[in-house]
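Chain residues, written in single-letter form:
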Amino acid sequence: MTLRIAYAGIIQLIARFSTLITGLIFITLVTRNLPVDEFGLWQTLGSSVGLLLIPLAPLNYWTLRYSARGHDVARTSLLAGIIAVPIFVIAYLVLALTASSSIEPILIYVLIYSIQIPALCIWEVVKPVARSYKPEYLGYATIALEIGKVSGAYYTIAILKLGLIGAILSLALGQFLQLAIVIYIIRPKLRGSFKSSTIKKWYKAAWIPISNVSVSRLSISDSILVAIILGSTTVVGIFQASRVFTLIVRYSEEFLRVLYPKLIRDNKNEDITLTFRLQSFVVIPLAVGTVMLAEPLLGLLGEQYVKAKLVLRVLTIVAVIEGIEYFMWNILTGLEKIDENINNLQFKKLRNSWLVRLPLIDLMKYAVYFSILGVIMYTSKGVGNEMTLSVYWAITLLLITTPVTIYKILLAKRVMQFEFPKLSILRYSFSGIIMAGFLYVYQELIPLTGTSVGSIIIYIIPPGFISVLVYAIIVLSIDSFIRESTIDFIKKIRS
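Okay, so let's go over this structure. (Residues numbered from 1 in each chain as written. Predicted model: local features only at pLDDT ≥ 70, side-chain atom pairs only at ≥ 80, totals over all residues. Heavy atoms only, no water.)

1. Considerations on the overall build of the protein chain
Move 1: A count of helical and extended segments in the protein chain gives 24 helices and zero strands.
Move 2: Taken against the 2.2 N^0.38 rule, which gives 23 Å for 495 residues, the C-alpha radius of gyration of the protein chain at 22 Å falls within 12% of a compact globule.
Move 3: Overall size of the protein chain, expressed as C-alpha extent along the three principal axes, is 65 × 65 × 45 Å.
Move 4: Sorting the 495 residues of the protein chain into buried and exposed places 56% on the buried side. (Helix = DSSP H or I, 4+ residues; strand = E, 2+ residues; numbered from the N terminus. Rg over C-alpha atoms; globule rule 2.2 N^0.38 Å. Buried < 20%, exposed > 50% of the residue type's maximum accessible area, 1.4 Å probe, protein only.)

2. Some remarks on the packing of aromatic side chains
Move 1: Taken as a whole and judged by the stated rule, the model has 17 aromatic pairs.
Move 2: Its guanidinium or amino end placed over the ring of Tyr-184, Arg-187 lies 3.9 Å from that ring's centre, counting from NZ or CZ.
Move 3: Over the ring of Phe-418 we find Lys-413; its NZ or CZ atom is 4.8 Å from the centre of that ring. (Phe/Tyr/Trp six-rings, centres within 6.5 Å; stacked < 30°, edge-to-face > 60°. Lys NZ or Arg CZ within 6 Å of the ring centre and 35° of its normal.)

3. Re helix α22 (residues 422–445)
Move 1: Here α22 spans 35 Å end to end across 24 residues, near enough to the 34 Å set by a 1.5 Å rise per residue.
Move 2: Those residues of α22 lying buried are Ser-424, Tyr-428, Ser-431, Gly-432, Met-435, Ala-436, Leu-439, Tyr-442 and Gln-443. (Expected span 1.5 Å × (residues − 1).)

4. A closer look at unusual backbone geometry
It is generally the case that most residues other than glycine have a negative phi and that most peptide bonds are trans.
Move 1: A positive phi is found at Lys-161, a non-glycine position, where the angle reads about 60°.
Move 2: Overall, Lys-161 belongs to the exposed group, its relative accessible area being 59%.

5. Observations regarding the nonpolar core
Move 1: By size, the foremost hydrophobic cluster in this structure holds 126 residues, and its most contacted members are Trp-42, Val-126 and Trp-393.
Move 2: When residues of this core are assigned to their parent elements, the largest contribution, 10 residues, is made by helix α8 (residues 117–133).
Move 3: Excluding residues that lie within four positions of it along the chain, Val-126 makes contacts with Leu-78, Leu-179, Val-182, Ile-183 and Ile-186.
Move 4: Formed by 23 residues, the second largest nonpolar core is a distinct cluster that contains Leu-256, Ile-272, Phe-327 and Met-416. (Core = buried A, V, L, I, M, F, W, Y, C linked by side-chain atoms within 4.5 Å. Contact = heavy atoms within 4.5 Å.)

6. Considerations on the pattern of salt bridges
Move 1: By the definition in use, this model includes eight salt bridges.
Move 2: Residues Glu-325 and Lys-365 are paired through a salt bridge, measuring 3.0 Å at the closest nitrogen-oxygen approach. Of this pair, Glu-325 sits in helix α18 (residues 309–334) while Lys-365 sits in helix α20 (residues 354–380); the two residues are 40 residues apart in sequence, bridging distant segments of the chain.
Move 3: Each of the salt bridges in this network shares a partner with another, and the network as a whole consists of Glu-325, Asp-362, Lys-365 and Lys-408. (Salt bridge = Lys/Arg side-chain N within 4 Å of Asp/Glu carboxyl O.)

7. Thoughts on the packing of helix α15 (residues 254–266) against α18
Move 1: It is at 8 Å that the axes of α15 and α18 come closest, and there the two elements cross at 20°. Overall, the two elements α15 and α18 adopt an arrangement that is roughly parallel. The handedness of the crossing between α15 and α18 comes out as right-handed. Contacts between α15 and α18 involve Leu-256, Leu-259, Tyr-260, Leu-263 and Ile-264 from the first element and Tyr-326, Phe-327, Trp-329, Asn-330, Ile-331, Thr-333 and Gly-334 from the second. (Axes fitted to C-alpha atoms, helices over the stretch in contact; angles between N-to-C directions. Parallel < 35°, antiparallel > 145°, perpendicular 65-115°, else oblique. Left-handed = near helix turned anticlockwise from the far one by under 90°.)

8. Concerning a nonpolar patch on the surface
Move 1: A cluster of nonpolar residues, Ile-115, Tyr-154, Tyr-155, Ile-159, Leu-160, Leu-162 and Leu-169, forms a patch on the protein surface that exposes about 640 Å² of accessible area.
Move 2: When residues of the nonpolar patch are assigned to their parent elements, the largest contribution, three residues, is made by helix α9 (residues 138–159).
Move 3: If you trace the backbone, Tyr-155 turns up in helix α9. (Patch = residues over 30% accessible without salt bridge, like charges linked within 9 Å, V, L, I, M, F, W, Y side chains within 5 Å. Areas by Shrake-Rupley, 256 points an atom, 1.4 Å probe, with all protein chains shown as cover.)

9. Some points on the environment of Phe-430
Move 1: Within the fold, Phe-430 resides in helix α22.
Move 2: Residue Phe-430 is classed as partly exposed on the basis of its relative accessible area of 46%.
Move 3: With near-sequence residues (within four places) excluded, Phe-430 lies in contact with Ile-474 and Ile-478.

10. As for the environment of Phe-245
Move 1: Take Phe-245: it is sitting in helix α14 (residues 234–249).
Move 2: Once residues within four sequence positions are removed from consideration, Phe-245 is found in contact with Leu-24, Thr-290, Leu-297, Leu-298, Leu-301 and Leu-312.

11. Digging into the packing of helix α4 (residues 57–68) against helix α12 (residues 207–219)
Move 1: α12 packs onto α4 with a crossing angle of 105° between their chain directions and a minimal axis gap of 8 Å. Taken together, the axes of α4 and α12 are roughly perpendicular relative to one another. Where α4 abuts α12, its residues Ala-57, Pro-58, Tyr-61 and Trp-62 lie against Ile-208, Pro-209, Ile-210, Asn-212 and Val-213.
Move 2: For the contact of α4 with α12, a count of residues per class yields eight nonpolar, one polar and no charged. (Nonpolar A, V, L, I, M, F, W, Y, C, P; charged D, E, K, R; others polar.)

What follows is the structure, given as structure tokens:
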């Protein structure tokens, strides 16, 4: 079963990297054909719909935990998600029309965005089933998402010149393709009957998942706050463009998709150490590459984003720290057993569990973060330029995230004693320093001159490939764990 963490995680990781090119093509098509403020508006709309879907949190949360324990809840959850679709579409349209007096110039974009709601509603309930059943196949669904949205973006944005409308429609196409793949994969789990009693019990304890998902939605809703305070989405566009590349850094968290349901079942500390090794091995070269190649990477999105290189570098550090924070969340909630009995979800029994305590910690974190961010944006409005405000935003997020992550590490260590692979991390860090040195020398000797997408890609790919190869060779030569894991993975593929 330990090999399953490495195997399933690597399969998902490979799928992620195989879609990296299509993902960059998509975002490049969008950013190079939209003004910065429209790109910011698109990101803000995504955050807004994310908040709207919070009531679906109980379905997502309890489906994953009970599916991981072998309960047949997939059909019940799927049908509940389908029933929710018209409710959420109507709710979204009512909110959009109510706000029309203040956002009339962008109302058309708000209304068209509603086309994504059916796919997002159903995705909320089928993804947890796939995570507990065959998590490696989520990678294939990601490929479908990328192919669909790139194909759609090329036609609607590059050919039809639909701009932001094209971006919305193309993303919806990818989401529906992704959904179709996952439903096909989990079809053996969709047998049985719809149990309304299960839904009622889940929603009686809805405050737990809603508080959890509210935290995750808040983490990406800072763009709404900034847009409201500044009365513009330009700073949001700059900041979110940098966040695009930090998502690549967080690809390393694919292994946690496998660890979490396994922790719910097995409670093995060696699984935690194994996953931490794998995540560290992957995150270090991703972070190093993003930091060292920040300027050309942002150049892919357009010349207007290149000056945000400091924002990207700070956010890369934040992404690494958030990855550790999310790891601790998986440990604490994965080891929690108080919810094993579906008839035992009363508040008085759950209130001292990590299912409740962690969301409260995170809510306090974001209350502080939003308050400080709001004050900084308000006092700096009209004083600093958009780039300066973006840097302030990134630094604020870093300063808030770091102490909270340290605190969660201490909490996780109290719950279960597990080994931090310090020696392995030192080896990976040493290899990362060599990689960084190579990329620094490359850029000093061969500066970037072109601004077209083609010239930047040609500039990035050779050193990127060589630096990762150097990193991998060094790690394989000095770290027996990665060497043995690679051999085991190859054997598993061949068998």
